[in-house]
Amino acid sequence: MAVFTRITQDELQQWLKGRKRGELLSFEGIESGIENTNYFVNTSTGRFVLTLFEKLRAEDLPFYLGLMEHLAKKGLAVPGPIANAKGELFNALHGKPATLVTCLSGKSVDHPNTAQCHAIGKFSAQAHLAVADFAGNTPNPRGLAWIEKTMNELDEHLPDAVSALLHSEVSHQKTVVASNAYKSLPKGAVHADLFRDNALMQGDTLGGVIDFYFAGVDTFLFDLAVTANDWCINLNNGEFKEDLLDALLTGYQEVRPLTIHECGLWQDMLRAAALRFWTSRLYDFYMPREAEVLNVKDPQHFERVLLARRQGIPFAVQPN
């Protein structure tokens, strides 16, 4: 989330009319993140989040918003998109496709505990089961094909050692995805970006999961690995904190036990998840976009995570 596009009160008031959410009282930009423009919107009926999509095309939005609507109807704590009078989940605002969603309670945590990791693991498994009857089929927009394309664009900008590591890991992941074991992994529509800042906690209870705009069809194991690489690590060196990782995996497997092939490919998916976010941070660092408010994150963090995963993981995952 970031502020790329400034809107006026009159523009927003007019846009809100079709959604019957009362009188506009105030709105303010949300400064975290790097992809879309987001605002908190306060009306006489409550508090909401407005998103203007800066890069996503209108034809891509039915997948993301449909997934959120689907999960919300299944009873999961996710933002529900609010349709306008025509039943549309998004329509143009200031020349950009925009949507309004419910604002969930809670706040993100910088240093999660075991109970919070258990809760997010349980949510992840519930979400993976819930998409069994979701019809959307958009591939992960930041999958291996995107990573390889971005790597080639970055080559002229990167130090030799960084480029060598990037090429080495992409080569490894191409071998993994060609394997029969990988092809057998369960998959479906996944969040693919469930970091700490995309979950709202109320104490040890999960208040909700937000920001589904990197979602796509991928393996459930990759999605779980993305979460583990952010929730369960020592931020200084990227190494796992074993108690947090155990809590996350326990919470997950209480709802959806991992398969034998998932357990066998756990380290490879942890590496794939680290590679995905290292690549995107390298791209944002070396080829940034302009924004009124833009926080570019340090790519070296996920380089450390990737190097730690290439060395090994604290313990093997066993199927329940």
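Predicted, not measured: the structure shown is a model, and the values here were computed from it. Throughout, a residue's number is its position along its own chain's written sequence, starting from 1. Reporting of local features is limited, given that this is a predicted model, to residues whose pLDDT is at least 70; pairs of side-chain atoms are given and counted only at 80 or more, and all residues count toward the totals for whole chains, interfaces and linings. The side-chain numbers reported here are obtained from all heavy atoms of the structure, hydrogens and water having been left aside.

Participant: Please explain helix α8 (residues 242-255) as it appears in this structure.
Facilitator: The α-helix winds at 3.6 residues per turn, so residues separated by three or four positions along the chain end up facing the same way. For the purposes of this entry, the term helix denotes a DSSP run of H or I that reaches at least four residues, the term strand denotes a run of E that reaches at least two, and both are numbered from the N terminus. Helix span, expected: 1.5 Å multiplied by one less than the number of residues in the helix. Between its first and last C-alpha, α8 extends 20 Å over 14 residues, near the 20 Å set by a 1.5 Å rise per residue. Accessibility here uses a 1.4 Å probe with only protein chains present; expressed as a share of the type maximum, an area under 20% marks a residue as buried, one over 50% as exposed, and anything in between as partly exposed. Among all positions of α8, only Leu244, Leu245, Ala247, Leu248, Leu249, Gly251, Tyr252 and Gln253 are buried. Any two residues whose heavy atoms approach within 4.5 Å at even a single point are treated as in contact. Where α8 is buried, its residues contact α3 (114-130), α7 (220-231) and α10 (266-286).

Participant: What's the story with the pairing of strand β5 (residues 96-102) in this structure? I'm lost.
Facilitator: Consecutive residues of a regular strand have side chains that alternate between opposite faces of the sheet. Judged by how many residues are buried, β5 sits mostly within the fold: 5 of 7 residues are covered. Only strands joined by at least two bridges in the DSSP assignment are considered to pair. Direction of pairing for strand β3 (residues 46-52) relative to β5: antiparallel, over a ladder of 5 bridges. Looking at the pairing, Val49 lines up with Val101 of β5. Both strand β4 (residues 91-93) and β5 contribute to a ladder of 3 bridges, which runs antiparallel. When the bridges of β5 are listed, Ala92 appears paired with Pro97. In this antiparallel pair of consecutive strands, β4 and β5, the connection spans 2 residues, and His94 shows a positive phi of 55 degrees.

Participant: Help me out: how do you make sense of helix α1 (residues 9-16) in this one?
Facilitator: Residues Leu12, Trp15 and Leu16 constitute the buried set of α1. All buried residues of α1 lie within an arc of 95 degrees about the axis, which places them on one face of the element. More than 90 degrees from the buried face of α1, the exposed residues found are Asp10 and Gln14. Each element contacted by the buried residues of α1 is listed here: β1 (24-29), β2 (37-43), β3, β4 and β5. In this description, one arc is meant: the one made by directions from the helix axis to the C-beta atoms.

Participant: Which parts of the structure should I look at to understand the packing of aromatic side chains?
Facilitator: The geometry of two aromatic rings is summed up by the distance between their centres and the angle between their planes. The aromatic pairing rule takes the rings of Phe, Tyr and Trp, using the six-membered ring of Trp, and pairs them if the centres are within 6.5 Å, calling planes under 30 degrees apart stacked, those over 60 edge-to-face and the rest tilted. In the structure shown here, the tally under the stated rule is 9 aromatic pairs. Seen in terms of ring centroids, Phe53 and Tyr213 are 4.8 Å apart; in terms of plane orientation they differ by 80 degrees. Their pairing is edge-to-face. Placement of the pair is Phe53 in the loop between β3 and α2 (61-73) and Tyr213 in the loop between β8 (205-209) and β9 (216-219), with a sequence separation of 160 residues. Note on criteria: charge over ring means Lys NZ or Arg CZ within 6 Å of the ring centre, with the direction from the centre no more than 35 degrees off the ring normal. Positioned above the aromatic ring of Trp15 is the side chain of Arg19, whose terminal nitrogen or guanidinium carbon lies 3.9 Å from the ring centre. When the ring centre of Phe277 is taken as origin, the NZ or CZ atom of Arg276, which lies over that ring, is 3.8 Å away.

Participant: Honestly, the nonpolar core in this entry has me stumped. Any pointers?
Facilitator: Membership of the largest hydrophobic core comes to 83 residues, with the highest contact counts inside it found for Trp231, Trp266 and Trp278. It is α10 that provides the largest number of residues to this core, a total of 10 residues. Among all residues touching Trp266, those that are not within four sequence positions of it are Leu221, Leu224, Ala225, Ala228, Leu245, Leu249, Ile313 and Val317. The next biggest cluster of nonpolar side chains, apart from the first, holds 15 residues, and it includes Ile7, Leu12, Val41 and Leu52. By nonpolar core is meant a set of buried Ala, Val, Leu, Ile, Met, Phe, Trp, Tyr and Cys residues that side-chain atoms within 4.5 Å join together.

Participant: Would you take a moment to explain the sheet that holds β2 for this structure?
Facilitator: Strands belonging to one sheet form pairs held by backbone hydrogen bonds; the direction of such a pair is parallel or antiparallel. In space, the 5 strands of this open sheet follow the order β1-β2-β3-β5-β4, with antiparallel pairing throughout. This sheet does not close on itself; its edge strands, each paired only once, are β1 and β4. In this sheet, neighbouring strand axes are inclined to one another by 35 degrees on average, regardless of whether the strands run parallel or antiparallel. The strands that α1 touches are β1, β2, β3, β4 and β5; relative to β1, the one it contacts most, it runs at about 120 degrees. Axes here mean lines fitted to C-alpha atoms, for a helix over just the part in contact, with angles spanning 0 to 180 degrees between N-to-C directions.

Geometry only, nothing functional implied.
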